[in-house]
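Coordinate inspection notes
Here is what each chain is made of, one letter per residue.
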Amino acid sequence: MDSFDDTAPLHLETLALRAGQLPTDEGSHGEPIFTTSSYVFESAAQAAARFSGEEPGNIYSRFTNPTVRAFEQRLAAMEGAERCVATSSGMAAILSTAMALLESGDEVISSRSVFGTTNVLFEKYLKRFGVKTTFVSLTDISEWQAAITPKTKLFFMETPSNPLCEVANIPQMAELAHNNGALLVVDNCFCTPALQRPLAMGADIALHSATKFLDGQGRCIGGAVCGRNDLMEEVFGFLRSAGPTMSPFNAWVFLKGLETLSLRMQAHSASALRLADWLEQHGAVEKVFYAGLPSHPQHLLARQQQDAFGGVLSFRVKGGREQAWSVIDNTRFLSITGNLGDAKTTITHPATTTHGRLSDEAKARAGITENLIRVAVGLEHIDDIKADLERGLSKLI
Ligand SMILES: *Cc1c(COP(=O)(O)O)cnc(C)c1O
C-alpha cells in the first residue's frame, strides 16, 4: 500500500486550488469578488489602529482588498515566496520593483533580450531618474561580470527570453549578483511557477505579467512581484503611495487562472515541442528557437532548471519581412496579436510590433531579425496549428 505523509508540504497543483482561500459567511465555494473601494470601522479607535498598522485589516482598496490578497497568497505559495504584491500590469510589477529598490545613482544590469517595453522603461524612463542600465547577453555570464560596478544594485533577466527562448543559469546568476551586493530579479512570465521556481534557485524576486499564462485566456491585464518579506514590504510601500493596483475583478480572474495553470502549461509545452520539431524539419524554415529542441544551445540547462519548455517558440523563415508577413497573413485562424500566453495560439512579427521601438542596432544585437516569427502555442489541436502555418510556409518553397 502507498504510504502518505499528511504533514508534507502540499504540491503546487494543490496550492493552485487551495492556497489563498477566502472564507465567507455565506459558505460560497467560489471566491467572492470584493468590489469596494473602502472599508468601514467599528469605531474611531479601530480606524486609527488600522491606519497606524497596529491592527491588521482592510483600509482602502488601493492597497488592501480581500480578493486581491487571496490571489497574492495563492501565487506566493506557488512561487515559494514569503509574500506577493499584485500590481495593475506586468510593467507595473517591474516599475514598482525598480521604484521600491533603486535610487538615483544606482545601476541595473539587464539582459538584452527582455520584453520590448521593459527595455524602454529602463532606457528611457529610469534613466531620467538617474538609474543607469547596462544591457548584456543573457547567456554570457562574463558580460554580466564585466558590467558590475560598485553601484550595481539589481540584475534583471527573463529566462527563457522573449522571443528567442534563450535560457540563463539562475543559480550561477544569483551567486554572481549576491557576491557583488546586488539582487537578482527574474521575470518568470514564460515558465510560470508551474514549470520554474526562480526563488528556490537563489533569485531574490520572481515577477510576472499575470496577463499572460497566469490568466491563460487573454482576459485581463495584471502583474505580480514575489519575494522575501523585507523586499516585498518596500514594493508594497510604493504600491500604497503610487497606486498601480490590481483590480479585485482581475484578481478573481487570475485566481481562477491559477487553478488550471499546471495542466495548461503541460499542454502548451507538449504542443510547442511538437510544433518546434516539425518546423525544424521544414524546408521553408531557416532556424527554430525553442529550448526543448536538442539543437538549442541551452537545452541541457533548460532540462535541469525547468519542468518543461513552455509554450512560446520562434523561428526564422527563409527570406525577409515579406516572407514572414506572408506566413502570418496566410493563416486562417491563428490570432495575429502581440499577446502571448492565451489558450488561443497567437502569431507575432516581433521586429515590427513588440520589439518595433528598439533601434536597428538593438534589434540586431537581440536577434530580432525581419524574418523572425513568434508563435505562442495555444490549446487548439496541434495538427490544426501546423496546417494553419503550412498554408503560408508551403508558398515559400
Ligand atoms: C507582457 C510581458 C510583460 C509586460 O506585462 P503587461 O502585463 O503587458 O504590462 C513583461 N514581461 C514579459 C516577459 C512579458 O511577456
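Treat the numbers as computed from the prediction; the structure is a model and nothing was measured.

Cut-off values and rules
- Residues numbered from 1 in each chain as written.
- Predicted model: local features only at pLDDT ≥ 70, side-chain atom pairs only at ≥ 80, totals over all residues.
- Heavy atoms only, no water.
- Pairing = 2+ DSSP bridges.
- Helix = DSSP H or I, 4+ residues; strand = E, 2+ residues; numbered from the N terminus.
- Axes fitted to C-alpha atoms, helices over the stretch in contact; angles between N-to-C directions.
- Contact = heavy atoms within 4.5 Å.
- Buried < 20%, exposed > 50% of the residue type's maximum accessible area, 1.4 Å probe, protein only.
- Domains from an automatic or database assignment.
- Buried area = accessible area lost by both parts, 1.4 Å probe.
- Salt bridge = Lys/Arg side-chain N within 4 Å of Asp/Glu carboxyl O.
- Polar contact = N/O pair within 3.5 Å; in protein donor to acceptor, adjacent residues only side chain to side chain.
- Left-handed = near helix turned anticlockwise from the far one by under 90°.
- Nonpolar A, V, L, I, M, F, W, Y, C, P; charged D, E, K, R; others polar.
- Right-handed = clockwise from strand over helix to strand, strands pointing away.
- 1 Å grid on protein atoms, 1.4 Å probe; cavity = no way out; pocket = protein on both sides within 12 Å on 5 of 7 lines; lining within 4 Å.
- Points joined across faces, edges and corners; volume = space filled by probe spheres on them.

Focus on the sheet that holds strand S6 (residues 205-209)
- The mixed open sheet is built from seven strands, whose spatial order is S1-S7-S6-S5-S4-S2-S3. Each of the sheet's edge strands pairs with one partner strand only, and the pair in question is strand S1 (83-87) and strand S3 (132-136). Each adjacent strand pair in this sheet contributes to an overall mean axis angle of 20 degrees, direction not counted.
- Summarising the sheet, S6 and strand S7 (residues 223-227) pair through five bridges and their orientation is antiparallel. Bridge assignment links serine 209 to a residue of S7, and that residue is glycine 223.
- The strands touched by helix H5 (residues 116-128) are strand S2 (107-111), S3 and strand S4 (152-158); relative to S3, the strand with the most contacts, the crossing angle is about 140 degrees.

Things to note about the environment of alanine 194
- For alanine 194, the location among the structural elements is in helix H8 (residues 192-195).
- The exposure class of alanine 194 is buried, given its relative accessible area of 6%.
- Sequence separation between alanine 194 and aspartate 383 is 189 residues; the distance between their C-alpha atoms is 25 Å.
- Once you skip the residues sitting within four places of it in the chain, alanine 194 turns out to touch Leu12, Leu261, Ser262, Met265 and Asp307.

Let's talk about the domain arrangement of the protein
- Split into domains, the protein comes out as domain 1 (12-259) and domain 2 (262-396).
- Each of domain 1 and domain 2 was reduced to a C-alpha centroid, and the two centroids are 27 Å apart.
- Taken together, the 38 residues of domain 1 in the interface contact 38 residues of domain 2.
- Looking at the side of domain 1 facing domain 2, the largest losses of area belong to Leu164, Leu195 and Phe213, adding up to 25% of the total buried there.
- At the boundary of domain 1 and domain 2, one finds one salt bridge.
- One can count 15 residue pairs in polar contact (both at pLDDT 80 or more) joining domain 1 with domain 2.
- Contributing elements (two or more residues each) for the side of domain 1 that touches domain 2: helix H1 (12-18), H5, helix H7 (170-179) and H8.
- No other element matches the four residues that H5 contributes to the side of domain 1 that touches domain 2.

Quick word on the packing of helix H4 (residues 90-101) against H5
- Where H4 contacts H5, the axes come no closer than 10 Å and their chain directions differ by 35 degrees. Between H4 and H5 the crossing geometry is right-handed. Along the contact surface, H4 presents Met91, Ile94, Leu95 and Ala98, while H5 presents Thr117, Thr118, Leu121, Phe122 and Leu126.
- In the contact of H4 with H5, the residues fall into seven nonpolar, two polar and no charged.

Overview of the pairing of strand S5 (residues 183-187)
- Burial runs high along S5: five of the five residues are buried.
- Of the two faces of S5, the one lined by Leu183, Val185 and Asp187 and the one lined by Leu184 and Val186 are each fully buried.
- Handedness of the crossover joining S4 and S5 through H7 is recorded here as right-handed.
- Pairing geometry for S5 and S6, over three bridges, is parallel. Across the sheet, the residue bridging to aspartate 187 is leucine 207, located in S6.

Points about the pattern of salt bridges
- Tallied over the full model, the rule gives 14 salt bridges.
- Where aspartate 106 meets lysine 153, a salt bridge forms, and the shortest distance between an N and an O atom there is 3.0 Å. With aspartate 106 in the loop between H4 and S2 and lysine 153 in strand S4, this pair connects stretches of sequence that are 47 residues apart.
- Of the residues examined, lysine 153 reaches a relative accessible area of 34% and is grouped as partly exposed.
- For glutamate 370, the salt bridge identified is with arginine 321, shortest N-O distance 2.7 Å. On the criterion of sequence distance, the pair formed by glutamate 370 in the loop between helix H14 (360-366) and strand S12 (372-376) and arginine 321 in helix H13 (residues 321-329) is long-range, its members being 49 residues apart.
- Overall, glutamate 370 belongs to the partly exposed group, its relative accessible area being 29%.

A word on empty space enclosed by the protein
- Applying the stated rule across the entire model yields one cavity of 30 Å³ or more.
- One number sums up the size of the largest cavity: a volume of about 30 Å³.
- Contributing to the lining of the largest cavity are Pro160, Cys165, Phe190, Ala291, Phe309, Gly310, Gly311 and Val312.
- Residues of the lining of the largest cavity, tallied by class, amount to six nonpolar, two polar and no charged.
- Here the lining of the largest cavity spans two domains, since at least three of its residues come from each of domain 1 (12-259) and domain 2 (262-396).

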